[in-house]
Amino acid sequence: MTTSTVFPASSALCVRKRSINKSKFHGWGLFRHYIALLVVFVVLVSPVFLPLLGAFKSSGDPIYGKGATAFPQHWSLNAFGELFRTTDIVRYIANLFAVCGLNIVSALVFSSVCGYMLSRKGWPGRGVVTAVALSALIFPFESIMLSLYSQVRSFGFYDTIIGIWPPGMIGPFHVLLMRAAFLGIPDEIEDAAYIDGAGEVRRFFTIFLPQVKGSLVVGLTAFIFAWQDYLWPLLITQSSSNYTMMIGIAQLQSSFGTDYRIVLAGAITAVIPIFLVFLASQRYFFRGIEEGGLKF
């Protein structure tokens, strides 16, 4: 009788102590995780965020030097007004959106088709083509930039919006990512569709593309590449009417001298669209990288 009454109480007490200790440990561990994330956030974001605050300073607040502060003493949006009133920033943004649109469409179409072809078995030379596409990742863009410049100029696309398009038309990483995503589809699904009489085109659109729609994030990476590209548009364009956003921001430094408020306002204007696009599609971005990286 004594045993039956003592041991259940003692066991319940031990379980309660363990749960209390576990909750304390979990709370302390969660606190340490948040502290680590906060430190990483400060290290990564502060070098970019704090200088951009200079765009919101009034004309009387110094950007740097004696008397300068990290946060504006008097908040103002005059720099943004001057940016849109005295420059062709709207034209630069429109040109950049046109290039981004071309890059997204071509990257989605070409990478999907090429990735599908490289993932299918039964045709000779598939391994050689895959090795060539993989080796293209080794060479930087600067190594082919001059030859690409000669080709674009010979086709008559120099100093045009179309001339900015070729570097982002299709990338080896996009092709290999889509190939890996298509390889992750079981062969039994394709065999069943083949037995049902589905042709190659129908199997591609009704079976394969819906299965790898997360990997269509290549359109997002193509947008990011086109939005932040500076070297190639600078090389292939000459007239200001064909400048993209990044070249226009670089021109602000020479146009306005030491008025870095307008330069920083242009930098913020360039960051906002890409930040919003990535924020809205980050779920698909990480899911696409995960799907394409399983058999990469």
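Notes on the structure follow. Keep in mind that what you see is a predicted model, and the values were worked out from it rather than measured.

As a further point, take the pattern of salt bridges. Applying the stated criterion across every chain, the model contains three salt bridges. The shortest N-O distance in the salt bridge between Glu-82 and Arg-85 comes to 2.1 Å. Pair noted here: Glu-82 and Arg-85 are both in helix H2 (residues 78–86), with a separation of three residues, about one helical turn. Relative accessible area serves as the criterion here: at 29%, Glu-82 is assigned to the partly exposed category. Of the residues examined, Arg-85 reaches a relative accessible area of 57% and is grouped as exposed. A salt bridge links Arg-120 to Glu-190, with the nearest nitrogen and oxygen atoms 2.5 Å apart. Of this pair, Arg-120 sits in the loop between helix H3 (89–119) and helix H4 (126–135) while Glu-190 sits in helix H8 (residues 187–195), placing them 70 residues apart in sequence. Taken individually, Arg-120 and Glu-190 each receive the classification buried, so the pair is uniform in this respect. Three or more residues are tied together by salt bridges with common partners; here these are Arg-120, Glu-190 and Arg-203.

What counts, and at which threshold
Residues numbered from 1 in each chain as written. Predicted model: local features only at pLDDT ≥ 70, side-chain atom pairs only at ≥ 80, totals over all residues. Heavy atoms only, no water. Salt bridge = Lys/Arg side-chain N within 4 Å of Asp/Glu carboxyl O. Helix = DSSP H or I, 4+ residues; strand = E, 2+ residues; numbered from the N terminus. Buried < 20%, exposed > 50% of the residue type's maximum accessible area, 1.4 Å probe, protein only.

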